Amino acid sequence: MRLSDLLEFAWRVVRGAPGRALLTLLAMGIGVAAVVLVTSLGEGARLYVASQFGSLGTNLIIVLPGRSETAGAMPGVLVGKTSRDLTLEDALALKSSHAVRRLAPLIVGAGDIRVGARNREVPVLGSTAELMDIRSMEMARGHFLPAGDPRNSQPVCVLGAKVASEMFGSNAALGEWVRVGDRRFRVIGIMARQGESLGTNTDEIVIVPLAAAQALFNTEALFRVLVEAKSREQIADAKADAEEIIRLRHEGERDVTVITQDAVLATFDRILRALTLAVGSLAAISLAVAGILIMNVMLIAVTQRRREIGLLKALGATGQQIRLAFFTEAVLLALGGAIVGLIAGELGRSIVVQMYPAIPFQAPWWALLAAPATAVVTAVLFTVAPARRAAMLDPVQALSRR
Amino acid sequence: MIRLTGIARTFLVGGEEVHALRAVDLEIARGEYLSIMGPSGSGKSTLLNIIGLLDRPNAGTYELDARDVTALSDDELARVRREKIGFVFQFFHLVPRLTALQNIELPMVLAGIDPAERKRRLARLLAEYGLEGRAGHRPDQLSGGQCQRVAIARAMSMGPTVILADEPTGNLDRHTGQEVLNVLEQVHHNGGTVVIVTHDPEIGARSHRRLRVLDGAVVSDERD
């Protein structure tokens, strides 16, 4: 039997029973659509997290005080011993590494900001001029912190967009004085709106020079140091250098943790990928259910078409040909269902994208291949038994029954 | 051409052995027009099924065109059926979703014959059996006589050694039955071998050799 004849024969069978075909198409379609939709949600989440990390700045290394002995533990919190503070001098020493382009030490605290009678509590960030480039920040008006020796404290500050509008309303804020804690700062810049970025909303913070923050919070200890490597390839060098430099400065003790953005991103990436795969597999169970439906439909077809099968055998069809005819029919149904499902899944995805435009929902390529492949494979597997039964029909009995 | 030697066939019915055929010897030569008659349950259909390789004997040997086909596998039997046997059934057994043309084409499709060659043979078969105007009709749009003509054309499509007709007029009125018999006799005149199983003595009388089967044995074998 020629392939084209086989396809034509199976196609006529499918067309000859439109209700049955529709039912299987629907079951397969729902399964495939579910896989496509669910994996697009997972993949969208993964891409969203990746882009969020990207907005933190590129080639970023973060140096934290405290040493985590166990991977994944919160450094400095779970260690249980007091570690040496990370100081500004430590941070500046990192500049001696050839792999480091620039760095920004950070101190974080909460403070009251007051303008006239208005008063609110804001997160206060102490840092240096280089923070702007490392974190890819943009200014709406004015300037960022002035460059210069970070040990010098100048009474200037930069306001987040929301803080500026809350404290000053429609009045011009640039050049005005604000009071943060017990010190006065002149507003020299207002940041552009950036929105939330991994939990930190730069619209709602006040940035002051590092030395001013040290005085404000009465501490020498840095919250962390953001280090930017010269290139992606030099991230590992910069990390090793940072660890070594701090170790030498801390009398040989490794009491800081250096994490790379890559490592954090890779962890998130792995988690979300595994999640997508797991949820996608759950959706694939619906494909197995559809496979069982196909098996039922085929078993009914074998009973309904007993006479036809007997006739085909009388006309000289081998068992192999009968089996092939059933498999071809099942594959046609599964492929049809897969196409319906891919279209439905894509429609569903575009609806979700309309609802949440910020998240790049997109089915991963492997799901687009695996869903139809699973549909076809289950269809074939579940047709084995009906096809066998058909091929083993006794033609005399099959033909004699009316 | 067809030689049955000591063919026996038993069925188990409710734990009891039923002898449908007991040691049948039969030879059929090329170009014969033979009828097998006998009452219901006499074993005539079993004999036809064994000649048609749809059923296997429990004992005896069957030679078809000088080849022992008794011990062939199922798939080999299917191939021999495809090439050498043409069936015509009482209830036509046309595939309802296929047109007359597609029904006639079926054995050639199963045999994997080249589409151009199929087209050539189909044109000839349609003309020969007066079905040119009916090629695109489905069985439910055809009369009983036309259905049986389609079935005969289908049986002839592979140029078989023998045509086996099981009560070919049993489902038709008298007039149409005559018409179908004429078609089968035309096959015979063109040199084909025709074996008809029937209840009807009138049909038996038209054939050139009459076999009577009773209780699984051939009780008479008359020739003109």
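Structure shown above.
Keep in mind the model is a prediction, meaning the values are calculated, not measured.

(A) Just the packing of aromatic side chains, in detail. A full pass over the atoms with the stated rule returns 1 aromatic pair over all chains. Ring centres 5.6 Å apart and planes at 10° place the aromatic pair F87(B) and F89(B) in the stacked group. As far as burial versus exposure is concerned, F87(B) and F89(B) are alike and both buried. R97(B) extends its terminal NZ or CZ atom over the ring of F9(A), reaching a point 5.4 Å from the ring centre.

(B) Fine view of unusual backbone geometry. A positive phi angle, near 65°, is found at L53(B), a position not held by glycine. Owing to a relative accessible area of 4%, L53(B) belongs among the buried residues under this scheme.

(C) The arrangement of the sheet that holds strand β7 (residues 162-166) of chain B in detail. Residue and element names in this part refer to chain B. Pairing in this open sheet of 6 strands is mixed, and the strands run β6-β7-β8-β3-β9-β10 from one edge to the other. Looking at which strands have only one partner, the edges of the open sheet turn out to be β6 (85-88) and β10 (217-223). In this sheet, adjacent strand axes meet at a mean angle of 20° when their direction is disregarded. Here strand β3 (residues 33-37) pairs with strand β8 (residues 193-198) via 5 bridges, running parallel. Residue pairing across strands places M37 opposite T198, the latter belonging to β8. Across the sheet, helix α6 (residues 174-189) lies against β3, β7 and β8, angled at about 150° from β8, the strand it touches most.

(D) The interface of chain B and chain A, seen in detail. The partner chain A presents 24 residues to the 26 residues of chain B that form the contact. When chain B packs against chain A, close to 2,300 Å² is buried across both sides, 62% of that on carbon and sulfur atoms. Of all residues in chain B, H93(B), R97(B) and L110(B) give up the largest surface area on contact with chain A, accounting jointly for 29% of the area buried on that side. Inspection of the chain B/chain A interface yields 3 salt bridges. For R2(A), the salt bridge identified is with D114(B), shortest N-O distance 3.7 Å. The tally of links between chain B and chain A comes to 11 residue pairs in polar contact (both at pLDDT 80 or more).

(E) The environment of R323(A), seen in detail. Residue and element names in this part refer to chain A. By secondary structure assignment, the location of R323 is in helix α10 (residues 319-355). With a relative accessible area of 29%, R323 lands in the partly exposed category. The spatial distance from the C-alpha of R323 to the C-alpha of A390 is 7.2 Å, given a sequence separation of 67 residues. Those residues within four positions of R323 in sequence are excluded, and the remaining contacts are A387, R388 and A391.

(F) Layout of the nonpolar core. Among the nonpolar cores identified, the biggest contains 76 residues, and F326(A), L47(B), I51(B) and Y62(B) are the most heavily contacted of them. Discounting residues that sit within four places of it in the chain, Y62(B) has contacts with I2(B), R3(B), L4(B), I7(B), I50(B), I51(B), L53(B), R67(B), D68(B), V69(B) and T70(B). Grouped together as the second largest cluster of nonpolar side chains are 45 residues, L86(A), L94(A), V163(A) and F168(A) included.

Rules used in this analysis
- Residues numbered from 1 in each chain as written.
- Chains lettered and ligands numbered in written order.
- Predicted model: local features only at pLDDT ≥ 70, side-chain atom pairs only at ≥ 80, totals over all residues.
- Heavy atoms only, no water.
- Phe/Tyr/Trp six-rings, centres within 6.5 Å; stacked < 30°, edge-to-face > 60°.
- Buried < 20%, exposed > 50% of the residue type's maximum accessible area, 1.4 Å probe, protein only.
- Lys NZ or Arg CZ within 6 Å of the ring centre and 35° of its normal.
- Pairing = 2+ DSSP bridges.
- Helix = DSSP H or I, 4+ residues; strand = E, 2+ residues; numbered from the N terminus.
- Axes fitted to C-alpha atoms, helices over the stretch in contact; angles between N-to-C directions.
- Contact = heavy atoms within 4.5 Å.
- Buried area = accessible area lost by both parts, 1.4 Å probe.
- Salt bridge = Lys/Arg side-chain N within 4 Å of Asp/Glu carboxyl O.
- Polar contact = N/O pair within 3.5 Å; in protein donor to acceptor, adjacent residues only side chain to side chain.
- Core = buried A, V, L, I, M, F, W, Y, C linked by side-chain atoms within 4.5 Å.

In short, shape yes, function no, at least from these values alone.
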